[in-house]
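# Summary of the model geometry
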Amino acid sequence: MRRRSGLLCIAAAVLLVAGSGCSPNGPVPGKAVVSPQPFPTHEAYLAQRVEWQPCREGPELDCGSIRVPVDYEHPGALAITMPLVRLRATDPAHRLGVLTTNPGGPGESGYEQVVFARNPHDTSLRKFLARYDLVGFDPRGVGRTAGVKCLGDREMDEYLATDFTPTDAAGLRAVAAAHKRYASACLRQTGTLLGFVGTEFVARDMDIMRSALGEDTLNFIGFSYGTRIGQQYAEQFPHRVGRMLLDSVDDPSVRTERWDFSGAEPESSAGPVELAPRDRVVRDMLASCATRPDCPVGTDTEAALRALRELIDRIDAHPIPAADGRKVGSNLALIGIFQATYDERYWPSFEKAFAQALDGDGTGFAQLADSYVGRGNSGAYSTSDSAFWAVQCVNDDPATYQSKSEDEILAELARIARSRAVAAPIFGANRVFSTPLCLFWPVPPTQQSRAVDAAGAPTIVLLNNTEDPATKLEGAQNVARNLADAVLVVNEHEGHIAFDNGSKCIDAIVVGFFLDGIVPEKGTRCQG
């Protein structure tokens, strides 16, 4: 589970290749949430109806909005606006209802995913357009829905330029200071909403959306983190679930992006405990390149791997320039490389970036990193990185919040980093120090990680690749066991996201499920 996990980011990768303090119980200091007039009761929110109008993005799109309460315990206190976008079913006589989506992250835009689906070249959601109204939304704290914004653009550049491989006490303090600046900026810029962006609130927003659309049930396709949203919706509203398919399954019983200081390794499906597989994907990328005589980094995999490690060490000490004037140090380069491990369609961009960096040009690595953190060509950042952390940091056990001092945190991180540097020489130490932002977060978690069973919901279809470095197959298998009624389809494939990723078998299952209601048999496997 991580950003750039949805279908839009894959399209972006292809283009890159081609173009090569608040408590949830009340208000807190900070900037007030810009809100419309709240409704006094939850029932009043459910009674809304969407008023559709043509979108500025194009006449084929309809735009509308709903209001949702910031705090469901106090619905009349504050509200935010959730914009919606719709592509109407092209065969309305055989319309099956509304299909909504979340492409992952957390922090990715379901609104943009539907806007993208109007493109005739889109091969994903358009498969369902004949018989479904496609409706897109951004979860609270993301994009158009009161998107969380933390650091300014220049400050964000500086944060990402932090040396996250510290070697002394001063370096450790610099890491803590960078994380604290980021976290405090989130509270300052977001205010009360920062404590109410957890997945459990998104699920309730979705049910208000369902009601406002006039639908008895909601059909949903979720990717990566979007699968957690789907599970939470099915848990809270099992009898409102229509057809639900979850691709690249995020296990909600696993702690995410926080650290276990009991002496064990950190627990995380996307963090350092899974970085040895990420290192292996880098080896796979170099090995794939080495099979071609024109490989820009040579045909000797081991030599290329050594050269990459040496390059990272070199630019850690002496950053190299990018075309836009930034200096690319080890952290920005590693973010770019990490991005490339998500999908084979990023690999050509990695090869080019690596070759450029060997020649002293960090542009390619910077571009890959930009797609990971949501930085546009102008240097402006989207809300994706801020939203990612805002959501991750409240999806955890409230009992663990701020249970250690800063000195204890830094000492433990240093210990873990030494271990991870051995297990994962490329990513290990860097990711240990670049990912513990939640340990410095200014608001407490709101929901303990736990399994869900969604008892009473219809059969939920799960998809997972066998060699997914972001959402491991073991997690999908665990979710399949925990859900009261689910079928897991395993795809023999490397990379993140199974649907619309080259497997005719997977695509046929997804289309058959949503268009004809065909549930695959238990034990179904596809050859990716």
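Scroll up for the structure.
First, a word on scope: everything that follows refers to the structure included in this document. (Residues numbered from 1 in each chain as written. Predicted model: local features only at pLDDT ≥ 70, side-chain atom pairs only at ≥ 80, totals over all residues. Heavy atoms only, no water.)

### Some points on the pairing of strand S4 (residues 97–102)
Heads up, the rule is: Throughout this description, buried means an accessible area under 20% of the type-specific maximum (1.4 Å probe, protein chains only), exposed means over 50%, and partly exposed covers the range between. Comment: elements are numbered from the N terminus, with helices defined as DSSP H or I runs of at least four residues and strands as E runs of at least two. For two strands to be treated as a pair, DSSP must find no fewer than two bridges joining them. The handedness rule is simple: strands pointing away from the viewer, and a clockwise path from the first strand over the helix to the second, make the crossover right-handed.
In terms of residue burial, S4 counts as a mostly covered element, since six of its six residues are buried. In the sheet, S4 pairs with strand S5 (residues 132–137) via four bridges, with the strands oriented parallel. Residue Val98 lies in a different strand from S5, and its bridge partner there is Asp133. In this view, the connection linking S4 to its parallel neighbour S5 by way of helix H3 (residues 110–117) has right-handed handedness. Looking at chain direction, S4 and strand S6 (residues 218–223) are connected through four bridges and run parallel. Counterpart to Thr100 in the pairing with S6 is Phe220.

### Here we look at the state of the cysteines
We apply this condition: To count as a disulfide, a pair of cysteine sulfur atoms needs to be within 2.5 Å.
Taken as a whole and assessed by the stated rule, the structure comprises five disulfides. Between the sulfur of Cys150 and that of Cys186 lies a disulfide, 1.8 Å long from S to S. Taking the torsion about the S-S bond as the criterion, the Cys150 to Cys186 disulfide, at about 100°, is right-handed. One end of the pair, Cys150, is in the loop between S5 and helix H4 (153–160); the other, Cys186, is in helix H5 (residues 169–190), with 36 residues separating them in the sequence. At a sulfur-sulfur separation of 2.1 Å, the disulfide partner of Cys393 is Cys438. A torsion of -85° about the S-S bond marks the disulfide between Cys393 and Cys438 as left-handed. Placement of Cys393 in the loop between helix H13 (384–392) and helix H14 (406–423) and of Cys438 in the loop between helix H15 (428–434) and strand S10 (460–467) is noted, with a sequence separation of 45 residues between them. What makes Cys438 buried here is its relative accessible area of 1%.

### A short note on the pattern of salt bridges
So the rule is basically this: Definition used for salt bridges: Asp or Glu carboxyl oxygen within 4 Å of a side-chain nitrogen of Lys or Arg.
Taken as a whole and judged by the stated rule, the model has 27 salt bridges. Between Glu60 and Arg118 there is a salt bridge, and its shortest N-O distance comes to 3.8 Å. Of this pair, Glu60 sits in strand S2 (residues 58–69) while Arg118 sits in the loop between H3 and S5; the two residues are 58 residues apart in sequence, bridging distant segments of the chain. On the accessibility criterion, Glu60 (36% relative accessible area) is partly exposed. For the salt bridge of Arg415 with Glu412, the shortest nitrogen-to-oxygen distance reads 2.9 Å. Residue Arg415 and its partner Glu412 are located together in helix H14, separated by three residues, close to a single helical turn. Each of Asp157, Asp324, Arg326, Asp370 and Arg375 takes part in salt bridges that share partners, so that together they form one network.

### Details of a negative patch on the surface
Test applied: In this analysis, a patch consists of residues with relative accessible area above 30% that form no salt bridge, clustered at 9 Å for like charges and at 5 Å for the nonpolar side chains Val, Leu, Ile, Met, Phe, Trp and Tyr. Values of accessible area rely on a 1.4 Å probe in the Shrake-Rupley scheme; residue burial ignores everything except the protein chains shown. Think of it this way: Lys and Arg go in the positive column, Asp and Glu in the negative one, and His and the chain ends go nowhere. A charge is said to be at NZ when it belongs to Lys, at CZ for Arg, at CG for Asp and at CD for Glu.
A contiguous patch of negative charge on the surface is contributed by Asp284, Glu344, Glu467 and Glu474. Tracing the sequence through the fold places Asp284 in helix H8 (residues 275–290).

### Focus: the nonpolar core
Spelled out, the test is: Residue types Ala, Val, Leu, Ile, Met, Phe, Trp, Tyr and Cys, when buried and joined through side-chain atoms within 4.5 Å, form a set referred to as a nonpolar core. Residues count as neighbours in contact if any of their non-hydrogen atoms are within 4.5 Å of one another.
In this structure, Tyr182, Leu308, Ile337, Phe350, Phe365 and Trp441 are the most contacted members of the largest nonpolar core, which totals 126 residues. The biggest single contributor to this core is H5, with nine residues. Among residues more than four places away in sequence, those in contact with Leu308 are Val282, Ile337, Phe350, Phe354, Phe365 and Ile426. With 31 residues, the next largest nonpolar core counts Val85, Phe128, Phe223 and Phe514 among its residues.

### Let's talk about helix H7 (residues 225–236)
Here is the rule we go by: Multiplying one less than the number of residues by 1.5 Å gives the expected span of a helix.
Taking 1.5 Å of rise per residue, the twelve residues of H7 would be expected to cover 16 Å, and the 17 Å separating its terminal C-alpha atoms lies within 8% of that figure. Within H7, ten of the twelve residues are buried, leaving the element largely enclosed by the surrounding structure. For H7, the full list of buried residues reads Tyr225, Gly226, Thr227, Arg228, Ile229, Gly230, Gln231, Gln232, Tyr233 and Ala234.

### Points about the packing of aromatic side chains
By convention here, two paired aromatic rings are described through the distance between centres and the angle between planes. Stated precisely, the cut-off is as follows: Classification of ring pairs uses Phe, Tyr and Trp, with its six-membered ring standing for Trp, and accepts pairs whose centres are within 6.5 Å; under 30 degrees between planes counts as stacked, over 60 as edge-to-face, and the remaining range as tilted. Counting as a charge over the ring demands two things of the Lys NZ or Arg CZ atom: a distance within 6 Å of the ring centre and an angle within 35 degrees of the ring normal.
Across all of its chains, the model carries 15 aromatic pairs by this definition. Taken together, a centroid distance of 5.0 Å and an interplanar angle of 85° make the contact between Phe39 and Tyr45 edge-to-face. Assessed through its relative accessible area of 18%, Phe39 is described here as buried. Cluster of aromatic residues (ring-pair linked, three or more members): Phe128, Tyr132, Phe499, Phe513 and Phe514. Above the face of the Tyr342 ring, Arg278 is positioned so that its terminal group lies 4.4 Å from the ring centre.

### Thoughts on the pairing of S2
Pairing of strand S1 (residues 53–55) with S2, which is carried by three bridges, proceeds in the antiparallel orientation. Paired with Gln53 across the strands is Cys63, a residue of S2. Here S1 folds back onto S2, and the loop between the two strands holds two residues.

### Re the sheet that holds S2
Sheet strands line up and pair through hydrogen bonds in the backbone, either parallel or antiparallel. Note the threshold: Axis definition: a line fitted to C-alpha atoms, limited for helices to the stretch in contact. Angles are taken between N-to-C directions and run from 0 to 180 degrees.
Read from one edge of the open sheet, ten strands run S1-S2-S3-S5-S4-S6-S7-S10-S11-S12, paired in mixed fashion. Every other strand in the sheet has two partners, leaving S1 and strand S12 (525–527) as the edge strands with one partner each. Across this sheet, the average inter-strand angle for adjacent strands is 25°, counted without regard to direction.

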